[in-house]
Amino acid sequence: MKTIIEPFRIKSVEPIYFTTKEERKKILAKADYNPFCIPAKDVLIDLLTDSGTSAMSSSQWAGIMLGDESYAGSSSFFKFEDSVKKITGMQYIIPTHQGRAAEKIIFTILGGKGKYFISNTLFDTTRANIEFSGAEGIDCLCEEGKYPNIPAPFKGNIDIDVLRKIIDEKGAANIPMVIITITNNSGGGQPVSMQNIKDTRRICNEYKIPLFIDACRFAENAYFIKLREKGYSNKSVPEIARELFSYADGCTMSAKKDAFANIGGFLAMNDPDLAVRCRNLLVITEGFTTYGGLAGRDLEAIAVGLQEVMEEPYLQYRIRSIEYLSNKLIAAGVPLMQPAGGHAVYLDAKSFLPHIPVDQYPGQSLVCALYEEGGIRSVEIGSLMFGKYDDKGKLIPSQMELVRLAVPRRVYTQSHIDYVAEVIIEVFNRRNEIKGLQITEEAPLLRHFTVKLKPVQEY
Ligand SMILES: *Cc1c(COP(=O)(O)O)cnc(C)c1O
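What you are looking at is a predicted structure, and each value in this text was computed from that prediction instead of being measured. (Residues numbered from 1 in each chain as written. Predicted model: local features only at pLDDT ≥ 70, side-chain atom pairs only at ≥ 80, totals over all residues. Heavy atoms only, no water.)

Asks: Outline the site of the ligand, supporting the account with residue identities and numerical values.
Replies: Inspection of the region around the ligand gives 15 residues, with Arg-100, Asp-214, Arg-217, Ser-254 and Lys-257 positioned closest. Gly-99 is positioned such that a nitrogen or oxygen atom in its backbone is 2.9 Å from an oxygen atom of the ligand. Residue Ser-254 places a side-chain N or O atom 2.6 Å away from an oxygen atom belonging to the ligand. Here the ligand has 380 Å² of accessible area as a free molecule, and 98% of this is covered by the chains. Secondary structure elements with two or more residues in the shell around the ligand: α4 (99–110) and α5 (124–132). If you tally residues by element for the shell around the ligand, the top one is α4, at three residues. (Near = heavy atom within 4 Å. Polar contact = N/O pair within 3.5 Å; in protein donor to acceptor, adjacent residues only side chain to side chain. Areas by Shrake-Rupley, 256 points an atom, 1.4 Å probe, with all protein chains shown as cover. Helix = DSSP H or I, 4+ residues; strand = E, 2+ residues; numbered from the N terminus.)

Asks: Break down the sheet that holds strand β8 (residues 265–269) for me, citing the residues and quoting the values.
Replies: Read across the sheet, seven strands follow the order β2-β8-β7-β6-β5-β3-β4 without closing on themselves; strand pairing throughout is mixed. Because the sheet does not close on itself, it has two edges, and the strands there are β2 (92–96) and β4 (136–139). On average, adjacent strands in this sheet sit at an angle of 20° to one another, irrespective of strand direction. Sitting on the sheet, helix α6 (residues 160–170) touches β3 (116–119), β4 and β5 (177–181), and the angle it makes with β3 is about 175°. (Pairing = 2+ DSSP bridges. Axes fitted to C-alpha atoms, helices over the stretch in contact; angles between N-to-C directions. Contact = heavy atoms within 4.5 Å.)

Asks: Quick one: what's the story with the state of the cysteines, residue by residue and with numbers?
Replies: One pass over the full model with this rule turns up zero disulfides. Cysteine Cys-37 remains unbridged, with the sulfur of Cys-368 as its closest cysteine sulfur at 11 Å. The thiol sulfur of Cys-251 is not disulfide-bonded, and the nearest other cysteine sulfur, from Cys-216, lies at 9.3 Å. We classify Cys-251 as buried; its relative accessible area is 0%. (Disulfide = S-S within 2.5 Å. Buried < 20%, exposed > 50% of the residue type's maximum accessible area, 1.4 Å probe, protein only.)

Asks: Run through the nonpolar core, naming residues and quoting values.
Replies: Among the nonpolar cores identified, the biggest contains 62 residues, and Phe-218, Phe-245 and Leu-306 are the most heavily contacted of them. The greatest single-element share of this core, amounting to six residues, is contributed by helix α8 (residues 218–228). Each of domain 1 (21–50 + 312–458) and domain 2 (58–308) gives at least three residues to this core. Other than its neighbours up to four places away in sequence, Leu-306 contacts Ser-83, Val-84, Ile-87, Phe-218, Met-253, Asp-258, Ala-259 and Phe-266. Counting residues in hydrophobic clusters, the runner-up holds 33 residues, among them Val-367, Leu-370, Val-403 and Phe-428. (Core = buried A, V, L, I, M, F, W, Y, C linked by side-chain atoms within 4.5 Å. Domains from an automatic or database assignment.)

Asks: For the sheet that holds strand β9 (residues 344–348), give the residues involved together with the corresponding values.
Replies: Sheet strands pair via backbone hydrogen bonds, and the direction of the pair is either parallel or antiparallel. Ordered in space as β9-β14-β11, the three strands form an open sheet in which the pairing is antiparallel. The sheet is open, and its two borders are formed by β9 and β11 (379–381), each paired with just one other strand. Taking the axes of each pair of neighbouring strands and ignoring which way they run, one obtains an average angle of 35° across the sheet. Here β9 pairs with strand β14 (residues 402–406) via five bridges, running antiparallel. Paired with Leu-347 across the bridge in β14 is Val-403. Of the strands in this sheet, β9, β11 and β14 touch helix α14 (residues 362–374), which is tilted by about 40° from β14.

Asks: Please give an account of the packing of helix α3 (residues 75–88) against helix α11 (residues 296–308) that cites residues and values.
Replies: Two numbers describe how α3 lies on α11: the axes approach to 8 Å, and their chain directions differ by 25°. Accordingly, the angle class assigned to the pair α3 and α11 is roughly parallel. The interaxial crossing formed by α3 with α11 has left-handed handedness. Residue-level inspection shows Ser-76, Phe-77, Lys-79, Phe-80, Ser-83, Val-84, Lys-86 and Ile-87 of α3 in contact with α11, the latter providing Gly-296, Leu-299, Glu-300, Ile-302, Ala-303, Leu-306 and Gln-307. Among the residues forming the contact of α3 with α11, the class breakdown is eight nonpolar, four polar and three charged. (Parallel < 35°, antiparallel > 145°, perpendicular 65-115°, else oblique. Left-handed = near helix turned anticlockwise from the far one by under 90°. Nonpolar A, V, L, I, M, F, W, Y, C, P; charged D, E, K, R; others polar.)

Asks: Outline the environment of Asn-120, listing residues and values.
Replies: Here Asn-120 lies in the loop between β3 and α5. On the basis of relative accessible area, Asn-120 is assigned to the buried category, the value being 0%. Separated by 85 residues in the primary sequence, Asn-120 and Pro-35 place their C-alpha atoms 28 Å from one another. Every residue in contact with Asn-120, bar those within four places of it in the chain, is listed here: Asp-139, Cys-140, Leu-141, Gly-156, Asn-157, Ile-158, Ile-179, Ile-180, Thr-181, Asn-184 and Val-192.

Asks: Just give me the short version of α3, but keep the residues and values in it.
Replies: Between the first and last C-alpha of α3 there are 20 Å, a value that for 14 residues agrees with the 20 Å anticipated at 1.5 Å per step. Two residues or fewer past α3, Gly-89 is found with a positive phi of approximately 70°. (Expected span 1.5 Å × (residues − 1).)

Asks: Break down the side chain of Arg-404 for me, with residues and values.
Replies: Mapped onto the secondary structure, Arg-404 falls in strand β14. The buried charged residue Arg-404 lacks any salt bridge partner; its closest oppositely charged side chain belongs to Asp-50, at an N-O distance of 4.8 Å. A distance of 3.1 Å separates a polar side-chain atom of Arg-404 from the backbone oxygen of Leu-48. Within the local environment of Arg-404, its side chain forms a polar contact with the side chain of Asn-185, the two groups lying 3.0 Å apart. Beyond its immediate stretch of four places on either side in the chain, Arg-404 contacts Leu-47, Leu-48, Thr-49, Asn-185, His-343, Ala-344, Val-345, Tyr-346, Ser-378, Val-379 and Ile-381. (Lys, Arg positive; Asp, Glu negative; His and termini not counted. Salt bridge = Lys/Arg side-chain N within 4 Å of Asp/Glu carboxyl O.)

Asks: An account of helix α7 (residues 194–207) is needed here, citing residue identities and associated values.
Replies: Compared with an ideal rise of 1.5 Å per residue, which puts 14 residues at 20 Å, α7 spans 20 Å between its outermost C-alpha atoms and is within 8% of the ideal. Among all positions in α7, only Met-194, Asn-196, Ile-197, Asp-199, Thr-200, Arg-201, Ile-203, Cys-204 and Tyr-207 are buried. Where the residues of α7 are buried, they touch α6, β5, β6 (211–214), α8 and α9 (237–246). Looking one or two residues past α7, Lys-208 carries a phi angle of roughly 55°, positive in sign.

Asks: I'd like to hear about the packing of aromatic side chains, residue by residue, with values.
Replies: The geometry of an aromatic ring pair is captured by the separation of the ring centres together with the interplanar angle, meaning the angle of the planes. Under the definition given, this model contains twelve aromatic pairs. Both rings, one in Phe-8 and one in Tyr-317, keep their centres 5.5 Å apart while their planes meet at 85°; by these two values the pair is edge-to-face. Of this pair, Phe-8 sits in the segment before α1 (21–30) while Tyr-317 is found in helix α12 (residues 312–331), placing the two residues 309 residues apart along the sequence. You can call Tyr-317 buried: its relative accessible area is 7%. On the numbers, 5.0 Å between centres and 80° between planes, the contact of Phe-260 with Tyr-314 is edge-to-face. In this pair, Phe-260 sits in the loop between β7 (250–254) and β8 while Tyr-314 sits in helix α12, placing the two residues 54 residues apart along the sequence. By relative accessible area, which is 5% here, Tyr-314 ends up buried. An aromatic cluster is defined as three or more aromatic residues linked by ring pairs; in this entry it consists of Phe-8, Phe-260, Tyr-314 and Tyr-317. For Lys-257, the ring lying beneath its charged end belongs to Phe-123, and the centroid distance is 5.4 Å. Between Arg-410 and the ring centre of Phe-260, over which it is positioned, the NZ or CZ distance is 3.5 Å. (Phe/Tyr/Trp six-rings, centres within 6.5 Å; stacked < 30°, edge-to-face > 60°. Lys NZ or Arg CZ within 6 Å of the ring centre and 35° of its normal.)

Here it is as structure tokens:
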């Protein structure tokens, strides 16, 4: 088999800037060891997120020029609506400026004190919006999803038995929604199987609970189903996506992921009454129903991107490029989540830095080491992001301590990825020198965005 190449050529380039290790040490200290506070020009390879960082295609840029900026009923909205309907088959399509705006609307309406939302793993903004409404979010990830080093085909699956148990325990009347995140971002970008979605649907039917999909990476998930699930190898990605959405009552989506857009999102559903309530809230928070916080040109870019993302040469290259990085690291003995996820490589910081206790945030320490060594920006997905405190102020750690290297879509070439592997391996070879961090300042919600830290003092 020949090398799987990037299925595009480059029409416009953007320079990246080099810094020295000494400069990066100072930059890190100035950013209080929080990579969200590093100016982007000081980052060489930016793997902080795959969100809004995609390279748009020439067709998408052409769409930007076609954008109809009419306040109401713009032709760009109808293109957008058509594109979303074609993929999801859903009736009511509500544009929002990001995924979290869609979440804010739906959880404001369905959430509140005494309510529970159950998921495979809630993404951080999803959980924050649920909790902000007064409700509680419950993750029930399948057992195999909890062990980073043990490969399995669908580690993003929801645990069906635990799901049933939680519903019985909390009472179906108190559960406004089950929400499946595809692929499971916080759980390693691992896919969910069609069978698991069907099984979840069956349970939701039994208890009369609506099923929603957090669809940010629906195309990557659909492609994994094609590759790994029996009966799907001959189906096209749009067919698989359509089937997958057919089991859901609605979805939330960030167009900054699998729509190659730099901004945007939507809420889609089949319940007309719920759609009216969502639109009423949309008008006071986002904008009129045919633009919802977006410019006409953004709606155009999303409409085009949603179709492009389902092209198989793209998905083959996409999934393969993550696997390529993953395989290089595995060969060097670097502990990471296996198999490779759809959009990112997740280093297992607990095994990478076993000498750093969880309350000294091994994930964040590794994030800082990667930046210092090679100017690579990544993000901690562990106790800094998800940790809570008990009554005595002691850290309740997250299940896993991961470092995510998210790969922007269509942005970096193979040599960039080779460089990333070299830097990680270099850090791995001197891992014993890496020290823990302690928090000096933090916010009550989504603390990882603004947290300040410092290296742990030695006595
Ligand atoms: C990014 C993301 C969101 C939130 O979308 P934004 O556009 O960043 O607001 C929600 N869920 C998942 C799984 C995501 O990856």
